[in-house]
Amino acid sequence: MPRPQPRLDSDNRFFWTGGADGKLRFLQCQDCQLFIHPPAPVCRHCLSEDVAPAVVPGTAVVDSYTINHQAWYPGLEVPFVIARVAIDGAPGVYLTTNIINCPVDEVDIGDKVHVTFQQEGEVYLPLFEKVA
């Protein structure tokens, strides 16, 4: 199913292409260790410019979700789950994503999920599946 593509730039390219090796990455300040998402060239906590991509475990917990029933993009099958997940290993980082490969009525707050990547050209979209 085709999805809208993000615009790649020097700040976010690592995030959108990192799935090529199956690893989820977020920027981390090398001075205060804060994770930064969305990507930015400066740490919002200590204002350091020493930020670099860091690999996280690729697991998360569903923090909130909704079931979308509106076909707002051509070829996008409905219904589907839009979720906000709390990323394990990156305190304070939440990612808005889709929960895939399970019935929409089987998703709930608190579910443990893991990342899977859907390649669309050079972009690897981080989507999540429930942990069995």
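The structure reproduced in this document is the subject of the present report. (Residues numbered from 1 in each chain as written. Predicted model: local features only at pLDDT ≥ 70, side-chain atom pairs only at ≥ 80, totals over all residues. Heavy atoms only, no water.)

## Digging into the pairing of strand S7 (residues 112-120)
In the case of a regular strand, side chains alternate between the two sheet surfaces. For clarity, the cut-off: Strand pairing is defined by DSSP finding a minimum of two bridges between the two strands. Strands are runs of DSSP state E lasting at least 2 residues, helices are runs of H or I lasting at least 4, and numbering of each runs from the N terminus.
Two strands pair when backbone bridges link them, and strand S4 (residues 59-68) and S7 are joined in this way by 3 bridges, in the antiparallel orientation. Across the sheet, the residue bridging to Ala60 is Val113, located in S7. With 8 bridges connecting them, S7 and strand S8 (residues 123-130) associate as antiparallel partners. The partner of Val115 across the bridge, within S8, is Phe128. Where S7 folds back onto S8 in an antiparallel hairpin, the turn is made up of 2 residues, including Gly121, whose phi is positive at roughly 65 degrees.

## Remarks on the packing of aromatic side chains
Any two aromatic rings considered together are summarised by their centre-to-centre distance and by the angle between their planes. Put simply, the test is: Think of it this way: a Phe, Tyr or Trp ring, Trp meaning its six-membered ring, pairs with another when their centres are within 6.5 Å, and the plane angle makes it stacked under 30 degrees, edge-to-face over 60, tilted otherwise. Buried residues are those whose accessible area, probed at 1.4 Å on protein chains only, stays under 20% of the maximum for their type, while exposed residues exceed 50% and partly exposed ones sit between those limits. Here, a charge over a ring is recorded when the distance from Lys NZ or Arg CZ to the ring centre is within 6 Å and its angle to the ring normal is within 35 degrees.
The full count for this structure, using the stated rule, is 3 aromatic pairs. A ring pair is formed by Phe15 and Phe26, whose centres lie 5.6 Å apart and whose planes are at 45 degrees; its orientation type is tilted. Residue Phe15 is found in helix H1 (residues 13-17), and its partner Phe26 is found in strand S1 (residues 24-29); the two are separated by 11 residues along the sequence. Accessibility classification places Phe15 together with Phe26 in one group, the buried group. The positively charged end of Arg84 is found above the aromatic ring belonging to Tyr94, 3.9 Å away from the centroid.

## Details of the sheet that holds S1
Taken in spatial order, the 3 strands of this open sheet run S2-S1-S3, and their pairing is antiparallel. Looking at which strands have only one partner, the edges of the open sheet turn out to be strand S2 (35-36) and strand S3 (51-56). Direction of pairing for S1 relative to S2: antiparallel, over a ladder of 2 bridges. Each bridged residue has a counterpart across the sheet, and for Leu27 the counterpart in S2 is Ile36.

## What to know about unusual backbone geometry
Following His37, the chain continues into Pro38 via a peptide bond in cis, with omega recorded as 5 degrees. Locating Pro38 in the fold gives a position in the loop between S2 and S3. The linkage connecting Val78 with the following residue, Pro79, adopts the cis geometry, with an omega of -5 degrees. When you line up the elements, Pro79 lands in the loop between S4 and strand S5 (80-87). Look at Leu47: it is not a glycine, yet its phi comes out positive at around 70 degrees. Tracing the backbone through its elements, the reader meets Leu47 in the loop between S2 and S3. The phi torsion at Asn101 lies on the positive side, around 65 degrees, for a residue other than glycine. Along the chain, Asn101 turns up in the loop between strand S6 (94-99) and S7. On the basis of relative accessibility, which here comes to 63%, the residue Asn101 falls in the exposed class.

## Remarks on the pattern of salt bridges
This is how the line gets drawn: Whenever Lys or Arg places a side-chain nitrogen within 4 Å of a carboxyl oxygen from Asp or Glu, that contact is recorded as a salt bridge.
In this structure the tally under the stated criterion is 4 salt bridges. One salt bridge in this structure joins Arg13 and Glu122, with 3.1 Å as the shortest N-O distance. With Arg13 in helix H1 and Glu122 in the loop between S7 and S8, this pair connects stretches of sequence that are 109 residues apart. Asp63 is the salt-bridge partner of Arg84, the closest N and O atoms lying 2.6 Å from each other. Of this pair, Arg84 sits in strand S5 while Asp63 sits in strand S4, and the two are 21 residues apart along the sequence. Residue Arg84 is classed as partly exposed on the basis of its relative accessible area of 35%.

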